[in-house]
Amino acid sequence: MVVSRSGSPRSDAHRIEIGKKMDSFARLKIWGFALLLILQLGDGFYLPGSYPHKYGVGDSLSVKVNSITSIETEMPFSYYSLPFCRPTEGVKDSAENLGEILMGDRIENSPYKFKMFTNETEIFLCQTKPLSADEFKLMKERIDEMYQVNLILDNLPAIRYTKKESFMVRWTGYPVGIKVQDAYYLFNHLKFTVLVHKYEEANMARVMGTGDAAEMIPTGGTPGSETPGYMVVGFEVVPCNFVHNAKSLKDVQMYGKYKSPIKCDPTTVALPIKENEPIVFTYEVTFQESDIKWPSRWDAYLKMEGSKVHWFSIMNSMMVITFLAGIVLVIFLRTVRRDLTRYEELDKEAQAQMNEELSGWKLVVGDVFRAPTNSALLCVMVGNGVQILGMAVVTVLFAALGFMSPASRGTLLTGMLVFFMILGIAAGYAAVRLWRTMGCGDGKGWASVSWKVACFFPGIAFVILTTLNFLLWGSHSTGAIPFSLFVVLILLWFCISVPLTLIGGYFGARAPHIEYPVRTNQIPREIPAQKYPSWLLVLGAGTLPFGTLFIELFFIMSSIWMGRVYYVFGFLLIVFILLVVVCAEVSIVLTYMHLCVEDWKWWWKSFFASGSVAIYIFLYSINYLIFDLKSLSGPVSATLYLGYSLLMVLAIMLATGTVGFLSSFWFVHYLFSSVKLD
């Protein structure tokens, strides 16, 4: 046996190796402990959604109301704009985030109150004052425009099921009323069904409250020592029209027992509304224990109609577009590589002779990096495109991971605004560095470019939203942005977004500009006459990127304008990545085609080659308005739709155009740096 003496190199190396193994084992234990801690904490809450609320038998449950909405007008109005019953403590607004207000949500308290696991029937709510002529006219208008009442219990919207032929149709909310022949009927009796699940998680943090001010209380004591509790996992409503007996209303107080039995039949109507006559409201509530667990309670809302068609269409579209893009890319790479290989295999004399007989893209070597017209505008648009593209990537990624669920209203729009402001740094940096590159390192005017980036797209959006907001203000819609929120948005713009963009521009001015691999001639080369207009090819190039997203676009449009819940953000992330790849490939191919016909003005064309997809999206929006939203009533509603569509299309054009331009810029730089031409 060989024994190494202490202090020998062999012994030191052995001890160092053992020490490294022990350090690795210690790090592994730390990571394992952190993972166990995360998993243990994961037992205390769920994603997506909010914390579970435990209610004891007899605890008070309060129903809230949101704005009434209609797919006929796309203009939300306050629930209390109609002569409904009001709570005794007065109407109070719930705390709303920025996204909720921008979406037109106005969540308020309501007079509907329940007691956990306590069934109640024939509950008298109120009798309104006789309807005035204006109230009667407004009620008829809201019924004609198919407005829906949206109730909320424990953060769950009320859901309604109707039978159509042999299957059940799910609706969120219930209609204000219905028109039969020339008579208008208001649904004045509501039959609620609350689905509850028994509280079972002994190791889960107990959360008390109704959602507005929840307080976490760690569980303690022995399992089973707590009183039984329930969690709300479903909220259903059946609206009815019922003729109330005048004698039964005598001496009945709010929440008192109605003296006559009420039979709720949603298929029949009996009492039309009339001018100068009051309306009586009643309700009933039934609690049912359900097998639905709390994390799964949103499943009923997230089921998208035609899911099989959705999945099949998306997969089919991805395979077709990937196949076509792959073919184009392979052909393109083979062509370019053959040109470069043939040139590099020649000796110097042959290269000199070939330079005199150059054709195609090699002829524009002295003009290919010549600064385009309106170069500052191009830099500004690319900067805004980087900002919008980054915002879209981060937002879709967070949504796909479940951090922006429908249970958290307004978080998606709030997140988009926050990410857009933060990414002002990237916008300023990209625009100013591109500006310096076009100026061959000249950094003069970087502050002006940064200011233009900070004000270009936000300014256009501000003008469009302000114009649409005046229309909503004139209609007294809750979709109108309040003046105070307008002030907040302007402060966020000029106090956060603009300074961050200027900071990004400062770093872009200090960063080294991109060196061109070839020199630019003083006299520009004449572009030969083309057989066909080059811009026609550029506009037609947008069809390929449009093919990647038009199926997903239908579901997104249905979510925005038809009131459906969109939650397949995983698919959206895949389609988004595919769209970026296709935009890059299409722009590169068109840039190469223009260079081959000696057209060196590729800058703007590469931007609009992929950005032209916005034209087809806008045409699709018009098609959707005509054929899918054909019930949209009034010029105000159509103007709102087209205004929001125009803003969306502009953002898509900037994002996709930026992808195409940056891809083409990299390609041209790589192409002309791969071969030396005198």
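Residues numbered from 1 in each chain as written. Predicted model: local features only at pLDDT ≥ 70, side-chain atom pairs only at ≥ 80, totals over all residues. Heavy atoms only, no water.

**What to know about the overall build of the protein**
In plain terms, the rule: Where helices and strands are cited, they refer to DSSP runs of H or I of at least four residues and of E of at least two residues respectively, numbered from the N terminus. The contact rule is simple, with two residues in contact once any of their heavy atoms fall within 4.5 Å. Here the Shrake-Rupley method, with its probe set to 1.4 Å, supplies the accessible areas, and only the displayed protein chains count as covering residues.
In terms of regular secondary structure, the protein is built from 17 helices and 17 strands. Of all intrachain contacts in the protein linking residues separated by at least 6 positions in sequence, the fraction that spans at least 24 positions is 83%. Here the protein has roughly 35100 Å² of accessible surface; of this, 64% comes from carbon and sulfur atoms.

**Side note on the pattern of salt bridges**
As a reminder of what qualifies: Salt bridges are defined by distance alone: a side-chain nitrogen of Lys or Arg within 4 Å of a carboxyl oxygen of Asp or Glu. Here the term buried applies to any residue with accessible area under 20% of the maximum for its type, exposed to any over 50%, and partly exposed to those in between, with areas from a 1.4 Å probe on protein chains only.
As enumerated under the stated definition, the model contains seven salt bridges in all. A salt bridge links Glu122 to Lys257, with the nearest nitrogen and oxygen atoms 3.1 Å apart. Linking Glu122 in strand 4 (residues 120-127) with Lys257 in the loop between strand 16 (229-240) and strand 17 (280-289), this pair joins segments that are 135 residues apart in sequence. Glu598 is the salt-bridge partner of Arg525, the closest N and O atoms lying 3.1 Å from each other. Note that Arg525 is positioned in the loop between helix 11 (483-510) and helix 12 (534-540) and Glu598 in the loop between helix 14 (569-596) and helix 15 (603-611), a separation of 73 residues in sequence. Overall, the relative accessible area of 18% leaves Glu598 in the buried class.

**A word on the pairing of strand 12 (residues 183-186)**
Quick note on the threshold: Pairs of strands are assigned from DSSP output, requiring at least two bridges between the strands.
In this structure, strand 11 (residues 177-180) lies alongside strand 12, joined through four bridges in antiparallel fashion. Within strand 12, the position partnered with Gly177 by the bridge is Leu186. Following strand 11, the chain reverses through two residues before pairing antiparallel with strand 12; Gln181 in that reversal takes a positive phi of roughly 60°.

**Quick look at a nonpolar patch on the surface**
To keep it simple, the criterion reads: Residues enter patches when their relative accessible area tops 30% and they take part in no salt bridge; the joining distance is 9 Å for like charges and 5 Å for the nonpolar side chains Val, Leu, Ile, Met, Phe, Trp and Tyr.
On the surface, a cluster of nonpolar side chains totalling about 440 Å² of accessible area is made up of Trp451, Phe462, Val463, Ile490 and Phe494. For the nonpolar patch, the elements supplying multiple residues, two or more each, are helix 10 (446-474) and helix 11. Top element by residues in the nonpolar patch is helix 10. It accounts for three residues. Tracing the backbone through its elements, the reader meets Ile490 in helix 11. Given a relative accessible area of 32%, Ile490 falls into the partly exposed group.

**Considering the sheet that holds strand 6 (residues 151-153)**
Read from one edge of the open sheet, four strands run 3-2-6-7, paired in antiparallel fashion. For this open sheet the edge positions go to strand 3 (108-115) and strand 7 (156-157), each flanked by a neighbour on one side alone. Summarising the sheet, strand 2 (residues 60-65) and strand 3 pair through five bridges and their orientation is antiparallel. Each residue of the ladder has a partner; that of Ser60, found in strand 3, is Lys115.

**A closer look at the confidence of the model for the protein**
Formally: Residue-level confidence of the predictor is summarised by pLDDT, bounded by 0 at the bottom and 100 at the top.
Per-residue confidence for the protein gives a mean pLDDT of 82; residues scoring 70 or more make up 81%. Under a pLDDT of 50 for its full length, residues 1-49 has, in the predicted model, 23 contacts with residues more than four places off or in other chains. Low pLDDT (under 50) marks residues 202-225, which in the prediction has 41 contacts with non-local residues, meaning those over four places away or in another chain.

**Let's talk about the state of the cysteines**
Rules: By disulfide we mean two sulfur atoms from cysteines, separated by a distance within 2.5 Å.
This structure, assessed with the given rule, holds two disulfides. Bridging Cys85 to Cys126, the disulfide has an S-S length of 1.8 Å. Between Cys85 and Cys126, the S-S dihedral sits near -85°, and the bridge is therefore left-handed. On the criterion of sequence distance, the pair formed by Cys85 in the loop between strand 2 and helix 2 (98-102) and Cys126 in strand 4 is long-range, its members being 41 residues apart.

**Remarks on helix 11**
Test applied: In this scheme, a helix's expected span is set at 1.5 Å multiplied by one less than its residue total. The quantity called bend is, for any residue, the angle between two axes fitted respectively to the seven residues ending at it and the seven beginning at it.
Helix length check: helix 11 (28 residues) gives 40 Å between terminal C-alpha atoms against 40 Å at 1.5 Å per residue, within 8%. Of all the bends in helix 11, the greatest measures close to 30° and is centred on Trp493.

**Concerning the packing of aromatic side chains**
This is how it is decided: To pair, rings of Phe, Tyr and Trp, with the six-membered ring standing in for Trp, must have centres within 6.5 Å; the planes then decide the type, stacked if under 30 degrees apart, edge-to-face if over 60, and tilted in the middle. Only when the NZ of Lys or the CZ of Arg is both within 6 Å of the ring centre and within 35 degrees of the ring normal is a charge said to sit over the ring.
Tallying each qualifying case throughout the model produces 45 aromatic pairs. Ring plane angle 75° and centroid distance 6.4 Å describe the contact between Phe369 and Phe672, whose orientation is recorded as edge-to-face. Placement of Phe369 in the loop between helix 6 (348-356) and helix 7 (375-400) and of Phe672 in helix 17 (residues 635-673) is noted, with a sequence separation of 303 residues between them. The exposure class of Phe369 is buried, given its relative accessible area of 3%. Judged by relative accessible area, Phe672 falls into the buried class, the value being 2%. Among the aromatic residues, those joined into a ring-pair cluster are Phe546, Phe550, Phe554, Phe555, Tyr616, Tyr620 and Tyr624. One residue, Lys54, lies across the ring of Tyr199, its end atom 5.2 Å from the ring centre. For Arg142, the ring lying beneath its charged end belongs to Phe77, and the centroid distance is 4.0 Å.

**Some words on the pairing of strand 9 (residues 167-172)**
Here six bridges tie strand 8 (residues 159-164) to strand 9, and the two strands are oriented antiparallel to one another. Bridging from a neighbouring strand, Tyr161 pairs with Arg170 of strand 9. Counting the residues that bridge the hairpin from strand 8 to strand 9 gives two residues, and of these Glu165 lies at a positive phi of roughly 60°.

**Observations concerning the packing of helix 9 (residues 424-438) against helix 11**
Using the following cut-off: Orientation is described by lines fitted to C-alpha atoms, with helices fitted over the stretch in contact, and by angles between N-to-C directions that extend from 0 to 180 degrees. Whether a crossing is left-handed or right-handed is set by the direction in which the near helix is turned from the far one by less than a right angle, anticlockwise for left-handed and clockwise for right-handed. Polar here means any residue outside two lists: the nonpolar Ala, Val, Leu, Ile, Met, Phe, Trp, Tyr, Cys and Pro, and the charged Asp, Glu, Lys and Arg; Gly therefore counts as polar.
Viewed as axis vectors pointing N to C, helix 9 and helix 11 meet at an angle of 35°, and their least axial separation amounts to 6 Å. Handedness of the crossing formed by helix 9 with helix 11: right-handed. Counting all contacts with helix 9, which are made through Gly424, Ile425, Gly428, Tyr429, Val432, Arg433 and Arg436, the residues of helix 11 involved are Leu500, Thr501, Gly504, Gly505, Phe507, Gly508 and Ala509. Split into classes, the residues belonging to the contact of helix 9 with helix 11 amount to six nonpolar, six polar and two charged.

**Looking at the packing of helix 7 against helix 10**
This is how it is decided: These descriptions rest on fixed angle ranges, namely under 35 degrees for roughly parallel, over 145 for roughly antiparallel, 65 to 115 for roughly perpendicular, and the rest for oblique.
Between helix 7 and helix 10, the least distance of the axes is 9 Å, while the angle of their chain directions is 60°. As judged from the angle between their axes, helix 7 and helix 10 are oblique. For the pair helix 7 and helix 10, the sense of crossing is right-handed. Between helix 7, through Ala376, Leu377, Val380, Met381, Gly383, Asn384 and Ile388, and helix 10, the contact on the second element is made entirely by Val449, Lys452, Val453, Phe456, Phe457 and Pro458. When the residues that make up the contact of helix 7 with helix 10 are grouped by side-chain class, the tally is 10 nonpolar, two polar and one charged.

**Notes on unusual backbone geometry**
Unusually for a residue other than glycine, Glu74 sits at a positive phi of about 60°. Positive phi, normally seen in glycine, also occurs at Tyr255, with a value near 70°. By the element assignment, Tyr255 lies in the loop between strand 16 and strand 17.

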